[in-house]
Each structure stands twice: as structure tokens, then as C-alpha cells.
Amino acid sequence: MLYTASGCHSTKKLQTAISKKDTTVVTIVPLKKDSTLNTVDARDALIALNKNKIDFKTFSSKAKVEYQDRNGKQPDFNAFIRLQKDSVLWISISSTFLGIEAFRLYVTPDTLMIINKLDKSVEFHPFSYIESFAHIPMTFRLLQNIIIGNPVYVGDSIVSYRETESHVLIGTVGDYFKNLITLSAGTNHLERIKLDDVHLNQNRTAALVYGNYQKSGRFDFATNREINVSEKSKVDISIEFKQYEFNKELSFPHEIPRNYKTK
């Protein structure tokens, strides 16, 4: 993104996880039209997944982020995140090495404001600008669900279902992606989402991995995330949430100093 990084270790770990789990995709049994039992089981699994969704009013956290794209490894950074559901996302980005705030982002469902404190400038963009570095279709609600750890791109059509001793795998198809969802058996925690573009000319693939769940009130929150997106270029992101709170009163300061220039 703006001031970002992903360490080689995290990227290798993610790729290893993807390759290992992708071998199970081949063995998934497609649903048949007369396969009532499988259809019921699959929908029950999606209902269980839906029950685990985090419903919140506000969310705040400190997270360590590593990022790598076609330009290579970027410096690690700390992201201080404040989110008001369906309304405002505020992110302060600072170097993990120097501890100096470098950027401040103020995001609404329509707009993105980037305050660059290094060169004393400000940029204004439509929300769609985020897709230029996310490389996948994005809305404000999708972005907040990625941050919170709720499932994304769950298609309306269930096309495959499989249970193992430790996992439940559900295949769905939506407007943009074929989605293979991996849940942990028993807890129904979301472990992995594997996306493949339904449009062959796009050739986008993405994987989101969730781990180290912790109890936060009545929620189970995944404090570790790995995100990998591949199209014409690759983006690898590792996020570790170190501190987080739900439903506390928050402020979203985004005043622009008078001496800042607009780009």
C-alpha cells in the first residue's frame, strides 16, 4: 500500500500453507442435484459460519503489518486502526523502526483521504482508488470485513462440500470469484478463503488465511492474518493484531495543517 512490507519468512509461510491446502481441493466432491444431504450439510455449515461473524459498532487496534508487492519488500510498519461500522475507517501508519507517523488515512464509503506527514501533503481520491493496490473488487463493507475477519466473497451458489476429521470445506460461486472456504471442525472458525476469478481473462487469485483466535467478549477474533493476491502482479500481506477493542467510543481526527499542499 503506502508504506508497507511483507517479510520473506511470512510470504514463504503463506505460500507453503496455500500449496498444502490446495492439494485437498482436488478431492472435494461436487454437489449433485439430487444430493439433498450434502446440500443441507453445506448450508448448515454456512449458517454456522454466519453465526461466528463479528457484529460490532466500533473497532480499534494496533497491528504490525508486513507488505510485499512487485516492487519488492517494503519496510514493516505499525497501523493504528479505528473503525466505525459502515461509516469511517481511520488508519495511522508509523515506521516500526523510527516510530514516527508517516501517513494518516481517512476512509469513508465514498472517499479516501491520505495525509502524508513526510512531505506535508494531502491527497483526495474516490474509494475505488483502493482497488488500484488491492487488485480485487472492493467496497467499504468488504474492506471492514477483511479487517474484522468476517468472511468475504461468499457466493450464493454452493458447488462443493467436504468434511474431514479436522476441517469443513465449502465451495461457492459468486459474481466475481469461485470461493473455497475452509472452516475448523468443531469451532467453525474461518481458517482460509481461496478465491479464483470466475472470469478467465482476469486470472485473479487470492488467499486469506486466519489464525490465532482469541476470545474478545462474545467474539472469537483472529489476531493473525495472511493475505495473498495474484494477477499481473503479486501482493503479500501479513498482519498481526497486537491490541484490539470492540465497541468503545472513538474519535477520528483528520484535520489538515494549513501548510500542507494538495496533490
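Right above here is the structure, for reference.
All of these numbers come straight from a predicted model, not from anything done at the bench.

Peer 1: Explain the overall build of the protein here, please?
Peer 2: When its secondary structure is counted, the protein shows four helices and 15 strands. The buried share among the 263 residues of the protein stands at 49%. Accessible area of the protein: about 13800 Å², with a carbon and sulfur share of 51%.

Peer 1: How should I be thinking about unusual backbone geometry in this particular structure?
Peer 2: Excluding glycine, residues mostly carry a negative phi; peptide bonds, for their part, are mostly trans. With phi around 60 degrees, N188 is a residue other than glycine that occupies positive phi space. Residue placement: N188 occurs in the loop between strand 10 (177-184) and strand 11 (190-197). On the basis of relative accessibility, which here comes to 21%, the residue N188 falls in the partly exposed class. Of note, the phi angle at N247 is positive, near 60 degrees, even though the residue is not glycine. Judged by its relative accessible area of 42%, N247 falls in the partly exposed class.

Peer 1: What should I look at first to understand the pairing of strand 7 (residues 121-126) in this one?
Peer 2: Each regular strand carries side chains that alternate between the two faces of the sheet. Note that strand 6 (residues 111-116) and strand 7 share six bridges and pair antiparallel. Its bridge partner lying in strand 7, L112 is registered against H125. Sheet analysis places strand 7 next to strand 15 (residues 261-262), joined by two bridges and oriented parallel. Paired with S121 across the two strands is K261, which belongs to strand 15.

Peer 1: Help me out: how do you make sense of the environment of I193 in this one?
Peer 2: Position of I193 relative to the elements: it lies in strand 11. For I193, a relative accessible area of 0% corresponds to the buried category. Separated by 12 residues in the primary sequence, I193 and I181 place their C-alpha atoms 4.8 Å from one another. The contacts of I193, once residues within four sequence positions are left out, are P151, V152, N179, L180, A206, A207, L208 and Y210.

Peer 1: Explain the pairing of strand 13 (residues 219-230) here, please?
Peer 2: The buried count for strand 13 comes to 10 of 12 residues, which makes it a mostly enclosed element. Turn length for the strand 12 (residues 205-216)-strand 13 hairpin, with the two strands adjacent in sequence and antiparallel, is two residues, and the turn residue G217 shows positive phi of about 65 degrees. Across seven bridges, the pairing between strand 13 and strand 14 (residues 234-246) is antiparallel. The residue bridging V229 from the neighbouring strand is V235, located in strand 14.

Peer 1: Which parts of the structure should I look at to understand the packing of aromatic side chains?
Peer 2: What characterises a pair of aromatic rings is the spacing of the ring centres plus the angle enclosed by the ring planes. Evaluation of the coordinates by the stated rule reveals nine aromatic pairs. Consider the rings of F59 and F221, whose centres lie 5.5 Å apart with planes at 50 degrees: the pair is tilted. With F59 in strand 1 (residues 58-69) and F221 in strand 13, this residue pair connects regions lying 162 residues apart in the sequence. Note on accessibility: F59 and F221 belong to one class, buried. Ring geometry for F221 versus F246: centroids 5.8 Å apart, planes at 80 degrees, classification edge-to-face. Placement of the pair is F221 in strand 13 and F246 in strand 14, with a sequence separation of 25 residues. For the pair shown, F221 and F246 are each scored as buried. An aromatic cluster is built from F59, F219, F221, F241, Y244 and F246, whose rings are joined through pairwise contacts. Above the ring of W90, the side-chain terminus of R82 is found at 4.3 Å from the ring centroid.

Scoring rules and cut-offs
- Residues numbered from 1 in each chain as written.
- Predicted model: local features only at pLDDT ≥ 70, side-chain atom pairs only at ≥ 80, totals over all residues.
- Heavy atoms only, no water.
- Helix = DSSP H or I, 4+ residues; strand = E, 2+ residues; numbered from the N terminus.
- Buried < 20%, exposed > 50% of the residue type's maximum accessible area, 1.4 Å probe, protein only.
- Areas by Shrake-Rupley, 256 points an atom, 1.4 Å probe, with all protein chains shown as cover.
- Pairing = 2+ DSSP bridges.
- Contact = heavy atoms within 4.5 Å.
- Phe/Tyr/Trp six-rings, centres within 6.5 Å; stacked < 30°, edge-to-face > 60°.
- Lys NZ or Arg CZ within 6 Å of the ring centre and 35° of its normal.

Just distances and angles here, no functional claims.
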